[in-house]
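Okay, here's what each chain looks like letter by letter:
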Amino acid sequence: MTRTPPRRAPETVAFPLLSVRWERLAMVHWRYEAEAVQRLLPKGLLVDRFEDRAWVSLTPFVMSSVRGLGVVPLPPAPFPETNLRTYVRLPDGRSGLWFFSLDVTAPYLWGGQALGVRYRPADLVVRERGTDTFYAGRRRGAEGVGYRLRIRAGGLVEETSPLDEWLTSRWVAFSRSAGLLWRTPVHHEPWTLGRGTVGELEQTLTRSAGLPDPEPPSLVHVSPGVGPVRLGPPRPVR
């Protein structure tokens, strides 16, 4: 039986390590065989499933209003980020996200690699034209790793489905470093979601992560943004 995460963050982040706003966001979702994803996860994490399938999502967006400790402005901003993520849980059922990669342009985020967060330096572009948004990225120092994506925004989702909520209501990001599994709490208001359609998509991020090439996307979300997003300090999973 699929367990849907709570629609609102269950954990308050009173003292954020980072406070941001996420804008002009797209989520391109693919179904995967669970075994293909599980073999890429660290010890201690299980692939989460919706109707017995794993999901992987390409998520480009723009970061703005970035503040260290919730109060100190951190330039440059705004700037793009693109992540490739999947949906996981602990053996006790607590759910969250595992990031195969987080491509960013801001150098200070690369320091997250010390805690096993897979930040990668990249050159990224986000451009809007009418109802279309064009995203593109090229990872530095990794020949041939990148993507091009054009999304056309549709109407707002008036009533979210169980799958919409399962994919977008995730309140913990996991990482692994120094032999430990870490959890970073995330707090923000629920997403304002719209539907989207893919006009163009070329990408090698899934292959770079060790995943098989996906079928055409099963679902696309867009959102004008959410914030403030409060990320708490990482803590080891016990």
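About the criteria used
- Residues numbered from 1 in each chain as written.
- Predicted model: local features only at pLDDT ≥ 70, side-chain atom pairs only at ≥ 80, totals over all residues.
- Heavy atoms only, no water.
- Helix = DSSP H or I, 4+ residues; strand = E, 2+ residues; numbered from the N terminus.
- Rg over C-alpha atoms; globule rule 2.2 N^0.38 Å.
- Buried < 20%, exposed > 50% of the residue type's maximum accessible area, 1.4 Å probe, protein only.
- Lys, Arg positive; Asp, Glu negative; His and termini not counted.
- Charge placed at Lys NZ, Arg CZ, Asp CG, Glu CD.
- Contact = heavy atoms within 4.5 Å.
- Polar contact = N/O pair within 3.5 Å; in protein donor to acceptor, adjacent residues only side chain to side chain.
- Phe/Tyr/Trp six-rings, centres within 6.5 Å; stacked < 30°, edge-to-face > 60°.
- Lys NZ or Arg CZ within 6 Å of the ring centre and 35° of its normal.
- Pairing = 2+ DSSP bridges.
- Core = buried A, V, L, I, M, F, W, Y, C linked by side-chain atoms within 4.5 Å.
- Salt bridge = Lys/Arg side-chain N within 4 Å of Asp/Glu carboxyl O.

Any details on the overall build of the chain? Residues and values, ideally.
Each helix and strand counted, the chain has three helices and 14 strands in total. Taking 2.2 N^0.38 as the reference for a compact globule, 238 residues should give roughly 18 Å; the C-alpha atoms of the chain span a radius of gyration of 17 Å, in line with that estimate. If you line up the chain on its principal axes, its C-alpha atoms span 45 × 45 × 40 Å. Taken across its 238 residues, the chain has 50% of its residues classed as buried. If the 32 positive side-chain charges of the chain are averaged to one point and the 23 negative ones to another, these points end up 6 Å apart.

How would you sum up the environment of Arg-170? Please name residues and give values.
Mapped onto the elements of the fold, Arg-170 is located in the loop between helix H2 (162-168) and strand S10 (172-177). Each C-alpha atom, one on Arg-170 and one on Arg-238, is 19 Å from the other, the two residues being 68 residues apart in sequence. Setting aside chain neighbours within four positions, we find Arg-170 in contact with Pro-5, Asp-48, Tyr-87, Val-88, Ser-95, Gly-96 and Leu-97. Engagement of the side chain of Arg-170 in a polar contact is seen with the side chain of Asp-48, the distance being 3.1 Å.

Tell me what's going on with the packing of aromatic side chains, and back it up with residues and numbers.
Applying the stated criterion across every chain yields a total of four aromatic pairs. Where Tyr-87 meets Trp-166, the ring centres are 5.3 Å apart and the plane angle is 40°; that geometry is what we call tilted. Of this pair, Tyr-87 sits in strand S5 (residues 79-89) while Trp-166 sits in helix H2, and the two are 79 residues apart along the sequence. Across the pair, exposure class does not vary: Tyr-87 and Trp-166 are buried alike. Members of the aromatic cluster, each reached through a chain of ring pairs, are Trp-22, Phe-61 and Trp-191. Positioned above the aromatic ring of Trp-166 is the side chain of Arg-170, whose terminal nitrogen or guanidinium carbon lies 4.5 Å from the ring centre.

Could you give me a rundown of the environment of Gly-196, with the residues and numbers involved?
Along the polypeptide, Gly-196 turns up in strand S12 (residues 194-203). Residue classification places Gly-196 among the buried positions, given a relative accessible area of 14%. For the pair Gly-196 and Met-27, spaced 169 residues apart in sequence, the C-alpha to C-alpha distance is 8.7 Å. Sequence-distant contacts of Gly-196, that is, excluding residues within four places in its chain, are made with Ile-151, Arg-152, Gly-154, Val-220 and Val-222.

Give a detailed account of the side chain of Ser-175, specifying residues and quantitative values.
The topology assignment puts Ser-175 in strand S10. Judged by its relative accessible area of 4%, Ser-175 falls in the buried class. With sequence-adjacent residues up to four places away left out, Ser-175 is seen in contact with Trp-98, Leu-115, Gly-116, Val-117, Leu-180, Leu-181 and Trp-182.

Can you tell me about the pairing of strand S7 (residues 119-129), naming the residues and giving the values?
Judged from the three bridges that link them, strand S6 (residues 95-104) and S7 form a sheet pairing that is parallel. Within S7, the position partnered with Asp-103 by the bridge is Arg-120. Hairpin connection, S7 to strand S8 (residues 132-139): the antiparallel pair is bridged by two residues, and Gly-130 has positive phi, about 65°.

Just give me the short version of the nonpolar core, but keep the residues and values in it.
Counting residues in each nonpolar core, the largest one holds 33 residues, and the members touching the most others are Val-37, Val-56, Leu-58, Ile-151 and Phe-174. Leaving out residues up to four positions away in the same chain, Ile-151 has contacts with Ala-26, Val-28, Thr-131, Asp-132, Thr-133, Tyr-135, Gly-196, Thr-197, Val-198, Val-220 and Val-222. In terms of nonpolar packing, the next biggest core, distinct from the first, is built from 30 residues, Trp-55, Leu-109, Leu-167 and Val-229 among them.

Mind laying out the pattern of salt bridges, listing which residues take part and the relevant values?
Per the counting criterion, the structure on display carries 17 salt bridges. Of the charged contacts in the structure, one is a salt bridge between Arg-53 and Glu-33, with a shortest N-O distance of 3.8 Å. Of this pair, Arg-53 sits in the loop between strand S2 (46-47) and strand S3 (54-68) while Glu-33 sits in the loop between strand S1 (18-32) and helix H1 (34-38); the two residues are 20 residues apart in sequence, bridging distant segments of the chain. Its relative accessible area of 47% is what places Glu-33 among the partly exposed residues. Here Arg-148 ties to Glu-200 by a salt bridge, and the two come within 3.0 Å at their closest N and O atoms. With Arg-148 in strand S9 (residues 146-156) and Glu-200 in strand S12, this pair connects stretches of sequence that are 52 residues apart. Overall, Arg-148 belongs to the partly exposed group, its relative accessible area being 38%. It is possible to trace a salt-bridge network through shared partners that takes in Glu-11, Arg-183 and Arg-235.

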